[in-house]
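Breakdown of the fold
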Amino acid sequence: MRSAVEIAAAVRSGERTARSVAEEHLATIASREGEIHAFNHVTADAALAQADAVDAKVARGEDPGPLAGVPVALKDNLCTRGVPTTCSSRILDGWLPPYNATVVERVTAAGGVAVGKTNLDEFAMGSSTENSAFGPTLNPLDLSRVPGGSSGGSAAAVAARFAPLSLGSDTGGSIRQPASFCGVVGVKPTYGVVSRYGLIAFASSLDQIGPFAATVNDAALLLDVISGHDRMDSTSIAASPTALLNDGTDVAGLRVGLVTELTDVEGIDPEVRAAVERAASALEAQGAIVERISVPSCIYGLSAYYLIAPAEASSNLARYDGVRYGLRVDGDDVYEMNSATRDAGFGAEVKRRIMLGTYALSAGFYDAYYAQAQRVRTLIIRDFAAAYERFDVLLSPTTPTTAFKFGAKTEDPFSMYLSDICTIASNLAGHPAMSIPFGLGSDAMPIGVQVLAPALGESVMFRVARAIEAAGGVA
Amino acid sequence: MSSNEVQAEIQYETVIGLEVHVELATKTKLFCACANEFGSEPNTNICPVCLGLPGSLPVLNERVVDFALRIGEALNFTVPQRSIFHRKNYFYPDMPKDFQTSQYDEPICAEGWIEVDGERIGIERAHMEEDTGKSTHVGGGGRIHDADHSLVDYNRAGVPLMEIVSHPAMRSSEQARGYVSELRAVLLAIGVSDVKMEEGSMRVDANVSIRPVGTTQLGTKVEIKNMNSIRSLGRAIDYEVERQTIATNTGERIVQETRHWDESEGITHGMRSKEGSSDYRFFPEPDLAPVAPTDEMRAAARAAIPELPAALRERIVAEWQVAEHDARVLVANPALSDYAQESVAALASGSARDVVNWCTGELLAYGNETGSEPNSWALSPIALAELVGLVGDGAISRSQAKEVLAGCLAGEGAPSDVASARGLAQVSDEGALAAIIAGVLEANPDAVAEYRTGDEKAQKKKRGFLMGEAMKASKGQGNPALLNRLLDAGLA
Amino acid sequence: MAKQSNEQVSITRSDVEHVAMLARLALTPDEVGEFAEQLTAILGHATDISSLDLDGVPTTAHPLPVTNVLREDVIGPSLDRDEVLAAAPSAEEGRFRVPRIMGEA
Ligand SMILES: [Mg+2]
Ligand SMILES: [Zn+2]
């Protein structure tokens, strides 16, 4: 198995064909997909056709692009023209989008080969991929455990070597948490760095697309391809991070803050905390200056998130009404039809969040819930700004524990919500953050360390991530 | 005497507020690049954005902001440093996202006014929002609630609207009509909309209530919709005031509701609605950035505003000496008033008043009949000036001029060419006219002698007589200016 | 930082029914009871922020400090109607077909 960087180099130089790369990965999918269920839909034929197109370019002496022949798995909430896009929901079962998401266009234009659409918690709402209408994804490292979520399928696809790269979306930790659970690298970029056009919205002001990869440099390769301004997304920013690929590992003199509210609190497994401290020591050994730092308003992040995200979701998901696409359950009039369709089409977690969000926005409650949560968001942004006056990056666990067993948190929704406690603040602030695998717990499951950076701080974040990756994480 | 009859003695005053929705005349929709076009085949101007497909995102049309700023300027609004969009959440099949992207507590235009018949009517706000699609109701005589099912066309979904909301500042249907026609004239003049009530590019909803004269508290208001002309707006308000007055006098309580105006029956009727269903859960639209009009944007909008109707009317009345009513008719049609102004500027002889008479008479009728715009007419403003000159010079009569006008509009050429081609031209051959003058002088030696010896008054009289003879001799077709000159020369 | 008292949040069955009507979800009686309990519990956790005194703190609706993101008024391509209507649950005469509409807009 070679990295995405190596595969692209081999295909570009003609040393390997994109078709052979695709065939190899499709064979791996065929051998293990049955037990893992990373995909809702494998696009084998289209992948081979795309691979052949890449090979034809190479044969003509043209450069097929930086992702030449690299298989990429796409989360099934990214619109793909003519290819089923379901959000793992019955309400969109069978829908064929008439357009491609901007990121899908960019990946294929760069020579990437889309191998399929990966499973997720329905509409990206969940932290275990157990909320998929089409059945859960299993963690490739231990089939009795969840892969995390909501981008569980994309994390599992990379961990199971179905594809060296995949794309997920992160609203409150949906890339970083499954990356941590599956032992891969997962990146949530700065809000606005990657176009959301064609990403089926969960919570618009929090959603951001990002890469999964086996290595930090592979993640950089994919992020370089998908980032950049898009006129179709009003929240896409003009400034892009500088090229991140091979952008150094030097952390000497960097100031690293260990966030106490996300590390030294009840609920964080001592093994996880120990791993983060080892990562901090490894950075110190490479010349970084590490100190503990308090970001006080972080403790309110979870509550703010579970008001803002459902509120936006309740509005974003209104359009699934049985009129224009997707499922319809008939009714005597439009009201009955709408209500019956949505009742049959949405799963329990989606309904719960729609109810919560509708309530939080409804007359009389808006100010106490939604507006108050948006004020807390201001506090979080202020506290982070203060922290970044003293530190270049911050460090914390990605998740409180390693991957849990199926069913462990399905009874109590709030216990599931707690899995996002370390990742949510970055979404509320719009800042980049990423998870790097760093050692194993006593359950032999991977532990993730989270590096957080200020807006557009991807370059320094990746440098620190490389330094952590290089240190290896062995106890 | 019953208590109802006692109540009937109370005098009520009417309180009216108007919500006007205007479709903006942009090339594309508010948030996508689909054509903003009336009358296309159903569902042909649609894309992922205006169809609300999963994953699509809005991007604001810059011309909409420019038009909104023009409205801000023309209607004396305050335009705040920042305005934002909100989502108004409610389910309706003609609304693709099941929320309307609109503005709420931070609109682009706040607190303006418009002068109507010498009185300022306060306008609370004007904001940008998207239009909905269009439903056709099948079965049940096309009425919404009796229909078997409905069919939805999303071509109109996402068309940019400005919603202009007046204060409850009007006291009669006449004033409401005046407000709408003045608003219409302003919006037309600044080029932001074609404001056609019949085609729905201007829609007026009226909030109507009554209260005892002398009280200041607002009564329970009823919203009336579905008026498709200024005339039916007036009728609907009058009907509603009468209905509310009778209801109140008979001890009935007015309920706050939306009522539909039925044009053919001439009545309003209530609509069934689900109790307590309107909780719109407004919240800031996270997919759009705030609008913060820069000095450059404001200056560009200001520069695009022509002389507004009120000022133009005043100037036309004063400078061209036309009647107030004619000025109003002319200015209500900006293309025609531009045409008239160009024509007046080109006048060599004849009066501006004649230009206006042609414009508000024959030409306005011609435009309405043919559905054509002045800039497409075969008669240019300069040609109209020529025609007015021909009449003013007496070269052709007014009734001949009508024939010439028709010929010009039919593309037969310039007025003088049309007149000569139809044998309506005056004789301008100097030799022929000189011969006529010579003949008249020879045939009337007494008059010539009296002219030469008489006082000023007698001279004028004799000269007029001789001129009349000359005109007669030319069969009414002699060029009067030329005849005058030749007569003066002969008498000298 | 606490504002007054931490009032106990309680979501009743009729609250749930009203919200389900707004959200167009035809819930079963069991679901209504379940959601009443769960929403009470989740919103109970949110009292940590609803009780904060944040008067004077502005809201952040959006993490990006950008304004005036505008598009030129130039016509672009539209979708193919047949393709769009093929995805619709029901279509007739080039339009989307829906059951009769009872409520008002
Ligand atoms: Mg409106
Ligand atoms: Zn469109």
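Data block above holds the structure.
Here's what I pulled together on the structure shown here. (Residues numbered from 1 in each chain as written. Chains lettered and ligands numbered in written order. Predicted model: local features only at pLDDT ≥ 70, side-chain atom pairs only at ≥ 80, totals over all residues. Heavy atoms only, no water.)

**Some remarks on the overall build of chain B**
A count of helical and extended segments in chain B gives 16 helices and 14 strands. For 492 residues, the compact-globule estimate of 2.2 N^0.38 gives 23 Å, and chain B exceeds it by more than 25% at 31 Å. In chain B, 69% of the contacts between residues at least 6 apart in sequence involve partners at least 24 apart. Here chain B displays about 21400 Å² of accessible surface, and carbon together with sulfur accounts for 49% of that area. Between the mean site of the 47 positive side-chain charges and the mean site of the 72 negative ones, chain B shows a separation of 1 Å. (Helix = DSSP H or I, 4+ residues; strand = E, 2+ residues; numbered from the N terminus. Rg over C-alpha atoms; globule rule 2.2 N^0.38 Å. Contact = heavy atoms within 4.5 Å. Areas by Shrake-Rupley, 256 points an atom, 1.4 Å probe, with all protein chains shown as cover. Lys, Arg positive; Asp, Glu negative; His and termini not counted. Charge placed at Lys NZ, Arg CZ, Asp CG, Glu CD.)

**Focus on the coordination of the magnesium ion (ligand 1)**
All names here are of chain B. Those donors, Glu-129 (OE), Glu-129 (OE) and Glu-163 (OE), are the protein atoms that reach the magnesium ion (ligand 1), and they lie 1.9 to 2.6 Å from it. A residue pair is termed long-range when its members are at least 10 positions apart, and Glu-129 in strand 6 (residues 119-130) and Glu-163 in strand 9 (residues 160-166) qualify at 34 residues. In terms of burial, Glu-129 and Glu-163 fall into one category: buried. (Donors = N, O, S within 2.8 Å, 3.2 Å for Na, K, Ca; no water. Buried < 20%, exposed > 50% of the residue type's maximum accessible area, 1.4 Å probe, protein only.)

**A word on the interface of chain A and chain C**
Each side of the interface is counted separately: chain A has 60 residues, and chain C has 48 residues. Of the roughly 4900 Å² buried between chain A and chain C, counting both surfaces, carbon and sulfur atoms make up 69%. Our count for the contact surface shared by chain A and chain C stands at three salt bridges. Across the salt bridge formed by C:Glu83 and A:Arg81, the nearest N and O atoms sit 3.3 Å from each other. (Buried area = accessible area lost by both parts, 1.4 Å probe. Salt bridge = Lys/Arg side-chain N within 4 Å of Asp/Glu carboxyl O.)

**Some details on the sheet that holds strand 10 (residues 433-440) of chain A**
Through backbone hydrogen bonds, the strands of a sheet pair up, either in parallel or in antiparallel fashion. Residue and element names in this part refer to chain A. Here we have eleven strands laid out as an open sheet, ordered 1-3-2-4-6-5-10-11-9-7-8, and mixed in their pairing. Two strands close off the open sheet at either side, each with one partner strand: strand 1 (39-42) and strand 8 (289-293). Across the sheet, the mean angle separating the axes of adjacent strands is 30 degrees when strand polarity is ignored. Summarising the sheet, strand 5 (residues 185-188) and strand 10 pair through three bridges and their orientation is antiparallel. The partner of Gly-186 across the bridge, within strand 10, is Ser-435. Docked against the sheet, helix 5 (residues 152-159) engages strand 1, strand 2 (71-75), strand 3 (113-118), strand 4 (165-170) and strand 6 (208-213), running at close to 155 degrees with respect to strand 4. (Pairing = 2+ DSSP bridges. Axes fitted to C-alpha atoms, helices over the stretch in contact; angles between N-to-C directions.)

**Thoughts on the interface of chain A and chain B**
Counting from both sides, the interface comprises 39 residues of chain A and, opposite them, 30 residues of chain B. When chain A packs against chain B, the two sides together hide about 2700 Å² of surface, and 59% of this comes from carbon and sulfur. The three residues of chain A that bury the most area against chain B are A:Ser234, A:Arg319 and A:Arg324, which together make up 22% of that side's buried surface. Linking chain A with chain B are two salt bridges. Where B:Asp98 meets A:Arg324, a salt bridge forms, and the shortest distance between an N and an O atom there is 3.6 Å. Taken together, chain A and chain B are joined by 15 residue pairs in polar contact (both at pLDDT 80 or more). (Polar contact = N/O pair within 3.5 Å; in protein donor to acceptor, adjacent residues only side chain to side chain.)

**Let's talk about the coordination of the zinc ion (ligand 2)**
All names here are of chain B. Every protein donor of the zinc ion (ligand 2) is listed here as Cys-32 (SG), Cys-34 (SG), Cys-47 (SG) and Cys-50 (SG), and their distances to the metal cover 2.3 to 2.4 Å. Coordination at the zinc ion (ligand 2) comes from four donor atoms whose angles at the metal span 100 to 117 degrees, giving a geometry best classed as tetrahedral. When the donors of the zinc ion (ligand 2) are listed by position in the chain, the intervening gaps give C-x1-C-x12-C-x2-C. Linking Cys-34 in the loop between strand 1 (12-23) and strand 2 (60-61) with Cys-47 in the loop between strand 1 and strand 2, this pair joins segments that are 13 residues apart in sequence. Cys-47 shares its class with Cys-34; the two are buried. (Tetrahedral: all angles 85-135°; square planar, octahedral: opposite > 155°, others 65-115°.)

**Considerations on the sheet that holds strand 8 (residues 149-153) of chain B**
Taking strand neighbours across the sheet as the criterion, the four strands line up as 7(B)-8(B)-3(C)-2(C) in an open arrangement whose pairing is antiparallel. A single partner strand is all that each edge strand has here, and the edge strands are strand 7 (134-138) of chain B together with strand 2 (91-92) of chain C. Bridge analysis of strand 7 of chain B against strand 8 of chain B gives five bridges, and the strand direction is antiparallel. Within strand 8 of chain B, the residue paired with B:Val138 across the bridge is B:His149.

**Observations concerning the packing of aromatic side chains**
Considering all chains together, one arrives at 24 aromatic pairs over all chains under this definition. Ring geometry for B:Tyr154 against C:Phe96: centres 5.2 Å apart, planes inclined by 65 degrees, an arrangement best described as edge-to-face. In this pair, B:Tyr154 sits in the loop between strand 8 and strand 9 while C:Phe96 sits in strand 3 (residues 95-99), so the two residues belong to two different chains. There is no split in this pair, since B:Tyr154 and C:Phe96 are both buried. Every member of this aromatic cluster is reached through a ring pair, and the members are A:Trp95, A:Phe123, A:Tyr320, A:Tyr325 and A:Phe346. (Phe/Tyr/Trp six-rings, centres within 6.5 Å; stacked < 30°, edge-to-face > 60°.)

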